[in-house]
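So you can see what is in the structure, the chains are spelled out below.
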Amino acid sequence: MTSATAALGGADVEDRELDSFDLTDPATYQTTDVHAMWRRFRAERPVHRHPATEAGPEFWVLSKYHDIMKVYKDDENFTSERGNLLVTLLHGSDSAAGKMLAVTDGPRHAAIRKLMLKSFSPRALRHISEQVVQRTRTLLRNAVERGEADFARDVAEHIPIATICDLLGVPESDRAFLLSLNKEALSSSSADTSAEDSWLARNEILLYFGELAEERKKNPVDDVISVLATGRIDGEPLDEDEIVLNCYSLIIGGDETSRLSMIGGVQALMRHPEQWNALKRGEVTVESAVEEVLRWTTPGMHFGRRALRDVEVAGQRIAADDIVTLWNTSANRDEDVFDAPGTFDLARTPNKHVSFGYGPHFCLGAFLGRVEINAMLDGLRTVADRIEPNGPVEPVFSNFLSGLESLPVRFEVDRAGLAGWN
Ligand code: HEM
């Protein structure tokens, strides 16, 4: 949500019935002051039974930080195998269940995660992290020297996907193709992307990874596809679906989330010039700024689970099979956990946001996501003196992702900073 759109819906949020907020409808996030809405849910109905909609049956909505954490870490009573996002939960199943990490539970999840973790340790990622910094600097230098840019399309869009391609070992020549497929598959940046187009794009991505995995089986190199294609669990190789779906899951998990966080971070810095100045002058660390950008932007608004048995959350009985959605956007502004949660404060400490989830499915790419946002903030404060809005923004159309597809900006160059990069 942007505050431009928030302004549209701010007044009427207070007068509306909580039942009237349709959380399945992407339009809700463009026309409502989302933070005012969540404040009401936390205060008046922290465990809310969302009515059935055209999109599917009733489901639970949790908005308090501690209730959300409780469900995230409880994989005995809650499963991800019937979906972990509204779209799949409401549909009743996820075709990648039991194969792709995010929608697999139990020992199989633990074993695949352990295999993949080898590629995600800070040590294993040292080289990739250096490439992130170099790539980010090149993109920022070009943008800042031009004096203006669409920060979303000219800068942020190119960083996460290229980083994931580095991780996966996708050849340079295939990257533009993958990016455009991925946009169709998930982003739904406009209301006109049809479900069929998305489905076709997802299948093309999977086919592509299948071919690459075959090649890596024969000639393994130092990348995640090779780890998956040659890995063994209890002496057995992973099956083809597990390999391609877990490659794809890095794009699903790591592209739009990191991108939207970076874009939202820049927008927040423009709106809070005193925070930009603090960052620029080194009065706050970039590490602490990264955490606040993650909390503030919360690119993945919700995740979710199915109850495996009858269970109680915050005094409310949840029945076996019920859908439970966990609203990170709300948890990250919970006034019982964060002081002045509506204040963008780069020096905030502690800052235990839930943007990366929690528990057994805690984001595998958290370190990498942080590296990307860090490179962007550090680069920007080095080569830009000022950043200003330069035209209308374009919000994402989604009930899952939050942020901007387009953010036109104008820069004033920091010549000394730029010279330091030569
Ligand atoms: C899981 C958020 C970046 C790969 C998750 C989850 C969240 C999340 C909330 C937990 C989902 C659940 O509990 O159902 C984010 C955010 C990011 C980010 C906000 C950036 C700002 C990345 C990156 C990658 C990645 C860069 C990989 C390159 C994954 C994977 C999982 C995951 C594979 C599934 C882990 C599991 O189920 O064990 N992410 N993510 N994410 N993320 Fe991220």
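Residues numbered from 1 in each chain as written. Predicted model: local features only at pLDDT ≥ 70, side-chain atom pairs only at ≥ 80, totals over all residues. Heavy atoms only, no water.

Looking at an unreviewed UniProt entry, one finds the chain named Cip25, with Streptomyces viridosporus as its source organism.

Asker: Can you lay out the overall build of the chain for me, pointing to particular residues and giving the numbers?
Answerer: Along the chain, the regular secondary structure elements total 18 helices and 14 strands. For 422 residues, the compact-globule estimate of 2.2 N^0.38 gives 22 Å, and the C-alpha radius of gyration of the chain, at 21 Å, lies within 12% of that figure. With the C-alpha coordinates aligned to their principal axes, the bounding extent of the chain is approximately 60 × 60 × 40 Å. For the chain, the residues scored as buried account for 55% of the 422 residues in total. The long-range share in the chain, meaning contacts at least 24 apart out of those at least 6 apart in sequence, stands at 72%. By element, 50% of the accessible surface of the chain is carried by carbon and sulfur atoms, the whole surface being about 17900 Å². For the chain, the distance from the average position of its 46 positive side-chain charges to the average position of its 67 negative side-chain charges is 5 Å. (Helix = DSSP H or I, 4+ residues; strand = E, 2+ residues; numbered from the N terminus. Rg over C-alpha atoms; globule rule 2.2 N^0.38 Å. Buried < 20%, exposed > 50% of the residue type's maximum accessible area, 1.4 Å probe, protein only. Contact = heavy atoms within 4.5 Å. Areas by Shrake-Rupley, 256 points an atom, 1.4 Å probe, with all protein chains shown as cover. Lys, Arg positive; Asp, Glu negative; His and termini not counted. Charge placed at Lys NZ, Arg CZ, Asp CG, Glu CD.)

Asker: So, the packing of aromatic side chains: which residues are in play, and what are the values?
Answerer: Any aromatic ring pair is given by two values, namely how distant the centres are and how the planes are angled relative to each other. Per the counting criterion, the structure on display carries 10 aromatic pairs. A ring pair is formed by phenylalanine 303 and phenylalanine 400, whose centres lie 5.4 Å apart and whose planes are at 80 degrees; its orientation type is edge-to-face. On the criterion of sequence distance, the pair formed by phenylalanine 303 in strand S7 (residues 302–307) and phenylalanine 400 in the loop between strand S12 (394–395) and strand S13 (404–406) is long-range, its members being 97 residues apart. Assessed through its relative accessible area of 11%, phenylalanine 400 is described here as buried. Three or more aromatic residues joined by ring pairs make a cluster, and in this case those are Phe21, Tyr29, Trp38, Phe41 and Trp327. Arginine 49 extends its terminal NZ or CZ atom over the ring of tryptophan 60, reaching a point 4.8 Å from the ring centre. (Phe/Tyr/Trp six-rings, centres within 6.5 Å; stacked < 30°, edge-to-face > 60°. Lys NZ or Arg CZ within 6 Å of the ring centre and 35° of its normal.)

Asker: Lay out the coordination of the iron atom of the ligand in plain terms, naming residues and giving numbers.
Answerer: Ideal values differ by geometry: the angle at a metal is 109.5 degrees with four tetrahedral donors, but 90 or 180 degrees with six octahedral donors. Its sole protein donor being Cys363 (SG), the iron atom of the ligand sits 2.3 Å from that atom. Residue position: cysteine 363 is located in the loop between helix H16 (328–331) and helix H17 (366–383). (Donors = N, O, S within 2.8 Å, 3.2 Å for Na, K, Ca; no water.)

Asker: Explain the pattern of salt bridges residue by residue, including any values.
Answerer: Counted according to the given criterion, the structure contains 32 salt bridges. Here lysine 64 and aspartate 336 are joined by a salt bridge, their closest N and O atoms 2.7 Å apart. Of this pair, lysine 64 sits in the loop between strand S2 (59–62) and helix H4 (65–73) while aspartate 336 sits in the loop between H16 and H17, placing them 272 residues apart in sequence. Of the residues examined, lysine 64 reaches a relative accessible area of 16% and is grouped as buried. Taken together, the shared-partner salt bridges in this structure form one network comprising Arg135, Asp166, Glu172 and Arg175. (Salt bridge = Lys/Arg side-chain N within 4 Å of Asp/Glu carboxyl O.)

Asker: Run through the confidence of the model for the chain, naming residues and quoting values.
Answerer: Within the chain, residue pLDDT values average 94, and 95% of them lie at 70 or more. Low confidence marks residues 1–9, where pLDDT is under 50. Its contacts with residues over four positions away, or in another chain, come to 25 contacts. For this predicted complex, the interface confidence reaches an ipTM of 0.99, while the overall pTM sits at 0.96. (pLDDT = per-residue confidence, 0-100.)

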